[in-house]
Amino acid sequence: AYEGASTARRMDGWRAQRIGPNSAMFDSLETLRDRARDAERSNPYATAIIDSLVANEIGTGIRPVFQHPDPAVNDRLTKRFDRWAKRSDWDQSLDFWGQQALARATELLSGECIARLLVDERARNGENPLRIELLEPDHLPLMQWSGVKDLAEGHYIRYGIEFDARGRRRSEE
């Protein structure tokens, strides 16, 4: 028998919830996010933990390594990527490597980070028009269950994720 299932006196006051992790999280998600963000802003230990995790996991940024057989092609690809990386942010406040750090910090504090891929119509000729907009997960409609416009018959949103009538995550195709 597991000690955690013991009925001894020291376990007498422990009343475990009979719900899954998603249901438990959903009921308190906003409170958990608010407290995590507040701790990071007001507690230097929490700030140091987030900064340390981001620095160790992301560092100065994760960079692609091109592996074309021709080294000249690799050099051109690297230069084009570096030019794009300086302009990757839709809000034009960070470069691609700063966006990586911000996305990871947001994930640590809020559980996830949304990255919207957008096309910048103002991109000059020859410039990659792809831009990335990072959003906090507060933009997801967590509390929306029904009455959502333009959902296919039987589709529903739960925890900000759209599911089909059979309960499968809907994917963009």
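So, here's what we can say about the structure. (Residues numbered from 1 in each chain as written. Predicted model: local features only at pLDDT ≥ 70, side-chain atom pairs only at ≥ 80, totals over all residues. Heavy atoms only, no water.)

**Points about the nonpolar core**
Turning to step 1, where the next piece is worked out: Residues Phe-81, Trp-84, Ala-85, Phe-96, Trp-97, Ile-132 and Leu-134 constitute the largest nonpolar core, which totals seven residues.
Turning to step 2, where the next piece is worked out: Sorting the residues of this core by element identifies helix H3 (71–86), helix H4 (96–110) and strand E2 (130–135) as the ones contributing at least two each.
Turning to step 3, where the next piece is worked out: Element by element, the count of residues in this core is highest for H3, at three residues.
Turning to step 4, where the next piece is worked out: Apart from the residues within four sequence positions on either side, Phe-81 is in contact with Pro-64, Phe-66, Phe-96 and Trp-97.
Turning to step 5, where the next piece is worked out: The next biggest cluster of nonpolar side chains, apart from the first, holds five residues, and it includes Ile-50, Val-54, Ile-58 and Leu-109. (Core = buried A, V, L, I, M, F, W, Y, C linked by side-chain atoms within 4.5 Å. Buried < 20%, exposed > 50% of the residue type's maximum accessible area, 1.4 Å probe, protein only. Helix = DSSP H or I, 4+ residues; strand = E, 2+ residues; numbered from the N terminus. Contact = heavy atoms within 4.5 Å.)

**Notes on the environment of Arg-33**
Turning to step 1, where the next piece is worked out: Along the polypeptide, Arg-33 turns up in helix H1 (residues 21–42).
Turning to step 2, where the next piece is worked out: For Arg-33, a relative accessible area of 5% corresponds to the buried category.
Turning to step 3, where the next piece is worked out: As for Arg-33 and Glu-162, which are separated by 129 residues in sequence, their C-alpha atoms are 22 Å apart.

**As for the pattern of salt bridges**
Turning to step 1, where the next piece is worked out: Inspection of the entire model under this criterion finds 13 salt bridges.
Turning to step 2, where the next piece is worked out: A salt bridge links Glu-136 to Arg-37; its shortest N-O distance comes to 3.9 Å. Of this pair, Glu-136 sits in the loop between E2 and strand E3 (156–158) while Arg-37 sits in helix H1, and the two are 99 residues apart along the sequence.
Turning to step 3, where the next piece is worked out: Looking at Glu-136, the relative accessible area reads 39%, which means it is partly exposed.
Turning to step 4, where the next piece is worked out: For Arg-131, the salt bridge is made with Glu-127, and the minimal N-O distance between the two is 2.6 Å. Side by side, Arg-131 and Glu-127 carry an identical accessibility label, which is buried. (Salt bridge = Lys/Arg side-chain N within 4 Å of Asp/Glu carboxyl O.)

In short, the description is geometric, and any link to function would need to be established separately.
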